[in-house]
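# Structure at a glance
Each chain is listed here by its residues.
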Amino acid sequence: MSPIETVRHIYAAFGRGDVPAILACLADDVEWEYGQPPHPAPWLQQRRGRAAVPGFFDVLLSNVEFHRFEPKRQLADGLLVVGLVDFEATVRKTGRKVIEVDEVHLFHFNEAGQVLRFAHRADTLQHANAWLGS
């Protein structure tokens, strides 16, 4: 698969709840949420290595109820794919909503076609406030 096809495959797998299919697309030493400072929302924490990434999905899906997740556009330039996603979700512990329009997902690929680095570029204050109830 090309990088853009892989990202589309990852989004489809997320929609089905198929975490193993997502993990199969990642490099062993993937950097998940690279370049981010520590964050109060547990789903926006840095993780390193394919074995650590299931923790993202465990934390996200146990703490957030999705009402809508809509990958809208994927743009590719060589080994970089940028995805734009709209979603609406509720943080279970606070009942606060998170609504993102054009949340940016950055997927950097290695030459083997695996995701080497991934990050959300999101309204992190909104995510923190929803998590903290503030």
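Before reading on, note that the structure itself is shown above.
Let me sum up the structure you'll find in this document. What you are looking at is a predicted structure, and each value in this text was computed from that prediction instead of being measured. (Residues numbered from 1 in each chain as written. Predicted model: local features only at pLDDT ≥ 70, side-chain atom pairs only at ≥ 80, totals over all residues. Heavy atoms only, no water.)

This brings us to empty space enclosed by the protein. Empty space among the atoms can be located by rolling a probe the size of a water molecule over them. Scanning the entire structure with this criterion turns up one cavity of 30 Å³ or more. Volume-wise, the largest cavity comes out at about 260 Å³. Taken together, 22 residues make up the lining of the largest cavity; nearest its centre are Phe56, Leu60, Phe69, His105 and His120. Contributing elements (two or more residues each) for the lining of the largest cavity: helix H1 (3–16), helix H3 (53–63), strand E3 (64–77), strand E4 (80–91), strand E5 (97–109) and strand E6 (115–121). Residue classes in the lining of the largest cavity are distributed as 18 nonpolar, three polar and one charged. (1 Å grid on protein atoms, 1.4 Å probe; cavity = no way out; pocket = protein on both sides within 12 Å on 5 of 7 lines; lining within 4 Å. Points joined across faces, edges and corners; volume = space filled by probe spheres on them. Helix = DSSP H or I, 4+ residues; strand = E, 2+ residues; numbered from the N terminus. Nonpolar A, V, L, I, M, F, W, Y, C, P; charged D, E, K, R; others polar.)

Another aspect to go through is the nonpolar core. In this structure, Leu26, Trp32, Trp43, Val53, Phe57, Phe107 and Val115 are the most contacted members of the largest nonpolar core, which totals 34 residues. Breaking this core down by element, the ones donating at least two residues are H1, helix H2 (19–23), strand E1 (26–32), H3, E4, E5, E6 and helix H4 (124–132). Top element by residues in this core is H1. It accounts for six residues. Aside from chain neighbours lying at most four places away, what touches Trp32 is Leu26, Gln45, Gln46, Arg47, Val53, Phe56, Phe57 and Phe118. (Core = buried A, V, L, I, M, F, W, Y, C linked by side-chain atoms within 4.5 Å. Buried < 20%, exposed > 50% of the residue type's maximum accessible area, 1.4 Å probe, protein only. Contact = heavy atoms within 4.5 Å.)

Even without being a glycine, Glu33 presents a positive backbone phi close to 65°. Mapped onto the secondary structure, Glu33 falls in the loop between E1 and strand E2 (47–48). One non-glycine residue, Asp102, adopts positive backbone phi at about 60°. With respect to the helices and strands, the residue Asp102 is situated in strand E5.

A separate point is the packing of aromatic side chains. Centre distance and the angle of the planes are the two values used to describe a pair of aromatic rings. For the structure shown, the criterion picks out 13 aromatic pairs. Each ring, one from Trp32 and one from Phe56, has its centre 5.4 Å from the other, and the planes form 55°; the classification is tilted. With Trp32 in strand E1 and Phe56 in helix H3, this pair connects stretches of sequence that are 24 residues apart. Owing to a relative accessible area of 5%, Trp32 belongs among the buried residues under this scheme. Look at Phe56 and you get buried, because its relative accessible area is 4%. Aromatic side chains Trp32 and Phe57 sit 6.0 Å apart centroid to centroid with 55° between the ring planes, which places their arrangement in the tilted category. A residue pair is termed long-range when its members are at least 10 positions apart, and Trp32 in strand E1 and Phe57 in helix H3 qualify at 25 residues. Accessibility classification places Trp32 together with Phe57 in one group, the buried group. Pairwise contacts between aromatic rings join Tyr11, Phe14, Trp32, Phe56, Phe57, Phe66, Phe69, Phe87, Phe107 and Phe118 into one cluster. In this arrangement the basic side chain of Lys93 is found over the ring face of Trp131, its NZ or CZ atom lying 3.9 Å from the centre. Positioned above the aromatic ring of Tyr34, the side-chain terminus of Arg117 is 3.9 Å from the ring centre. (Phe/Tyr/Trp six-rings, centres within 6.5 Å; stacked < 30°, edge-to-face > 60°. Lys NZ or Arg CZ within 6 Å of the ring centre and 35° of its normal.)

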